[in-house]
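# Report on the structure
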Amino acid sequence: MSTMFLRTLREDPADADVDSAKLLQRAGYIRKAAPGIWTWLPLGLSVLNKIEAIIREEINGIGAQEVHFPALLPREPYEATHRWEEYGDNIFRLKDRHQADYLLAPTHEEMFTLLVKDMYSSYKDLPVTLYQIQTKYRDEFRPRAGLIRGREFIMKDAYSFTIDEEGMRKAYHDERGAYERIFQRLDLKYVPVFAMSGPMGGSASEEFLAPMAIGEDTFALAPSGKAWNVEALTTPELPEIDSSNTPAASKRPTPDAKSIENMIARANADNPRADGREWQASDILKNVVITVKHPEDADHDEPWREVIVVGVPGDRTVDMKRLEAQFAPAELEEATEEDLKKHPELVPGYIGPMVLGPQAKAAGVEEPVRYFVDAHVVKGSAWFTGADENEVDYYDLVYGRDFEADGRVEAVEVRHGDMSPDGSGPLSFERGVEIGQVFQLGLKYSNALDLKVLDQNGKTVPVWMGCYGIGVSRVLACIAETHHDDAGLAWPAVIAPAQVHVVATGKDQAAFDAAEKLVDELEERGIEVIYDDRPKVSPGVKFKDAELIGVPLIAVAGRDTVNNGTIEIRNRDGSDKVAVAAADAAATLADRLAALLQR
Ligand code: ATP
Ligand code: MG
């Protein structure tokens with residue numbers, strides 16, 4: 001410690017917003033260079049290298065091979081996949097002295113694809129998985145939480161290349177297995193979260209989230225332990241309701257009832273329910289007008305706008321992001337006045353299903369506004385909804401009896417308590433930080449960049465790809481975030497910058513001699529040590545620094561060593577404090593370390 005390049009800080013840096021950012025700076029692991037850009041100090045680099053070593057071991061273990069790309073790359077490959085534009089302000093673009101465009105890579109799909117295209121040409125060359133551990137650049141809108149959202153950060157990115165879809169699935173499976181082993185070895189709690197629903201099935205992409213309150217991602221957790229991100233949640237189909245006793249639908253005047261509250265108030269006053277209970281928002285079928293912005297297609301030379309209506313229960317709000325996921329690649333927005341003007345059948349405040357979709361078609365309208373219902377609108381359910389005339393509503397309009405829809409969509413915000421997609425029980429919501437993602441890319445990049453090989457029959461076919469990322473520097477921060485207390489960091493033994501922190505205290509040279517002897521014995525056993533040999537630094541300061549730095553085992557040589565020949569040993573958290581004969585200290589520490597490494 002007397003020569004180590006280190007200055008610990010007693011105070012939290014003013015702009016540090018989360019514990020890991022505070023402690024990693026205070027304990028001398030990293031220093032801020034610019035917003036979202038960090039300098040690694042010796043302690044930080046030591047932990048980082050250990051995390052990388054574990055990642056390398058596991059990724060090499062599934063047969064992937066390490067390469068290393070430049071971070072500074074030309075525009076053209078990113079142009080070919082449209083990502084030069086799609087990334088918007090999120091990438092750092094620059095020009096060389098000849099005015100040619102370059103970028104600092106935010107991720108490397110293009111380069112890996114081109115490299116394989118450059119070198120391989122036959123099915124015999126496949127499968128192959130390549131990876132790198134490399135610095136990435138993203139001009140994040142809001143760098144935050146120290147290393148967790150940086151603008152320069154370290155990523156492990158792997159890419160698999162296989163002749164067919166089955167090969168891609170196997171590569172994906174191997175990679176996610178390696179992820180589980182990596183996070184287990186790092187003692188970092190993780191939840192694999194399904195990130196995509198739809199035709200590709202539930203596992204075309206999974207995000208690995210480390211659950212913690214400071215996370216920016218919300219995920220939904222089922223009692224089965226399965227988890228989904230909100231966009232990927234699907235509502236299980238509910239059984240049809242028996243509507244044989246539901247009265248026939250009736251149209252009744254309901255004046256001044258454009259809002260849900262007014263509808264309820266008017267209905268309770270003028271049209272009380274037969275069953276005696278009050279009308280409530282969930283009885284109302286709210287019909288929301290939305291504009292779908294389609295890209296150009298076979299029938300349209302230009303992007304085009306389509307007005308649709310989505311029926312949702314009146315006690316729920318539309319979640320545009322979830323809904324949009326089902327209309328991709330189209331984008332959604334709320335219908336504008338202009339859009340509405342083109343559809344006089346949509347009476348503001350009194351929009352109902354009877355002039356829409358299948359109903360309109362049956363009435364002879366050639367291209368009616370398409371009508372979708374949210375997954376919570378079940379067949380046989382009776383609704384209080386607009387009757388397409390000013391100040392008139394329908395009562396007891398039954399879905400499946402009186403009206404139909406063009407489709408069932410996931411349109412509303414999911415709530416705590418909603419049924420999970422696997423039917424295992426109600427969902428709860430938690431927050432987490434994305435530490436990794438595995439993704440079945442399919443043919444997207446091989447088609448865009450023309451990566452093709454000859455198959456067994458001599459036919460040219462595109463290569464199936466997967467991509468797999470781990471945020472290495474983010475993982476380090478997440479471990480710090482979940483392994484600390486008020487006094488400082490508390491690293492898992494496998495990645496701590498050293499395994500034992502030896503402290504010599506007092507003025508007596510004998511204590512320093514005993515400490516030095518212990519350091520030698522530990523190092524002989526291959527154990528890494530931080531030795532606090534600083535003269536004239538108080539024991540209090542030394543203990544504080546030891547706790548701040550967070551090495552798992554602490555050994556103290558001081559007055560007791562001089563008087564009784566003992567060395568005090570304790571765990572970083574203060575537990576299991578014992579005094580052992582100086583001669584036994586190294587063996588005791590080695591045993592404890594072995595136990596810690598086993599956990
Ligand atoms: P996020 O949603 O958190 O922005 P992402 O989905 O854009 O992440 P990917 O493109 O999937 O990120 O990148 C792979 C991994 O790199 C992520 O799982 C994450 O662990 C890490 N990562 C992404 N952005 C950052 C960043 N700004 N700082 C640190 N690590 C990052
Ligand atoms: Mg991601």
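The structure displayed is predicted, hence computed values, not measured ones.

What the rule picks out here adds up to 16 aromatic pairs. Ring geometry for F69 and F112: centres 4.6 Å apart, planes at 55 degrees, overall tilted. Highlighted residues: F69 in the loop between β3 (65–66) and β4 (72–74) and F112 in helix α5 (residues 109–119), separated in sequence by 43 residues. F69 sits in the buried class, given a relative accessible area of 8%.

A separate point is the side chain of S20. Tracing the sequence through the fold places S20 in helix α1 (residues 19–26). Relative accessible area serves as the criterion here: at 1%, S20 is assigned to the buried category.

Moving on, we come to helix α6 (residues 165–185). Note on helix geometry: an α-helix contains 3.6 residues per turn, so any two residues three or four positions apart are oriented the same way. Compared with the 30 Å implied by 1.5 Å per residue over 21 residues, the 30 Å span of α6 between its first and last C-alpha is a close match. Those residues of α6 that sit buried are M168, A171, Y172, E175, R176, G177, A178, Y179, I182 and F183. One or two positions beyond α6, positive phi appears at D187, with a value near 55 degrees.

Our focus in this paragraph is the site of ligand 1. Not every one of the 14 residues close to ligand 1 is listed here, only the nearest: R138, E140, R149, G150 and E434. Contact distances for ligand 1 include 3.2 Å between an oxygen atom and a backbone N or O atom of I435. Contact with the protein chains hides 82% of the accessible area of ligand 1, taken as 580 Å² for the molecule alone. Elements supplying a minimum of two residues to the shell around ligand 1: β8 (152–162) and β21 (428–442).

Moving on to the packing of helix α13 (residues 509–524) against helix α16 (residues 585–598). Their axes nearest at 9 Å, the elements α13 and α16 cross at an angle of 45 degrees. Relative to α16, the element α13 lies oblique. Crossing angle aside, the handedness with which α13 passes α16 is right-handed. Residue-level inspection shows L518, E521 and L522 of α13 in contact with α16, the latter providing A585, A586 and L589.

Structurally, the protein comprises domain 1 (19–73 + 105–233 + 428–481), domain 2 (250–409) and domain 3 (498–597). Taking only C-alpha atoms into account, the centre of domain 1 sits 41 Å from that of domain 2.

Protein coordination of the magnesium ion (ligand 2) is provided by E434 (OE) and Q437 (OE1), with donor distances spanning 2.1 to 2.2 Å. Note on E434: relative accessible area 24%, which makes it partly exposed.

Before going further, it helps to examine the sheet that holds strand β16 (residues 331–334). Read across the open sheet, the five strands follow the order β16-β14-β15-β17-β20; overall the sheet is mixed. Edge positions in the sheet fall to β16 and β20 (407–409), since each has one partner strand and no second. Each strand of the sheet is rotated relative to its neighbour by a mean of 40 degrees, with strand direction disregarded. Taken together, the four bridges between strand β15 (residues 304–313) and strand β17 (residues 370–374) define a ladder with parallel strand orientation. Looking at the pairing, V310 lines up with F372 of β17.

Procedures and definitions
- Residues numbered from 1 in each chain as written.
- Chains lettered and ligands numbered in written order.
- Predicted model: local features only at pLDDT ≥ 70, side-chain atom pairs only at ≥ 80, totals over all residues.
- Heavy atoms only, no water.
- Phe/Tyr/Trp six-rings, centres within 6.5 Å; stacked < 30°, edge-to-face > 60°.
- Helix = DSSP H or I, 4+ residues; strand = E, 2+ residues; numbered from the N terminus.
- Buried < 20%, exposed > 50% of the residue type's maximum accessible area, 1.4 Å probe, protein only.
- Expected span 1.5 Å × (residues − 1).
- Near = heavy atom within 4 Å.
- Polar contact = N/O pair within 3.5 Å; in protein donor to acceptor, adjacent residues only side chain to side chain.
- Areas by Shrake-Rupley, 256 points an atom, 1.4 Å probe, with all protein chains shown as cover.
- Axes fitted to C-alpha atoms, helices over the stretch in contact; angles between N-to-C directions.
- Parallel < 35°, antiparallel > 145°, perpendicular 65-115°, else oblique.
- Left-handed = near helix turned anticlockwise from the far one by under 90°.
- Contact = heavy atoms within 4.5 Å.
- Domains from an automatic or database assignment.
- Donors = N, O, S within 2.8 Å, 3.2 Å for Na, K, Ca; no water.
- Pairing = 2+ DSSP bridges.

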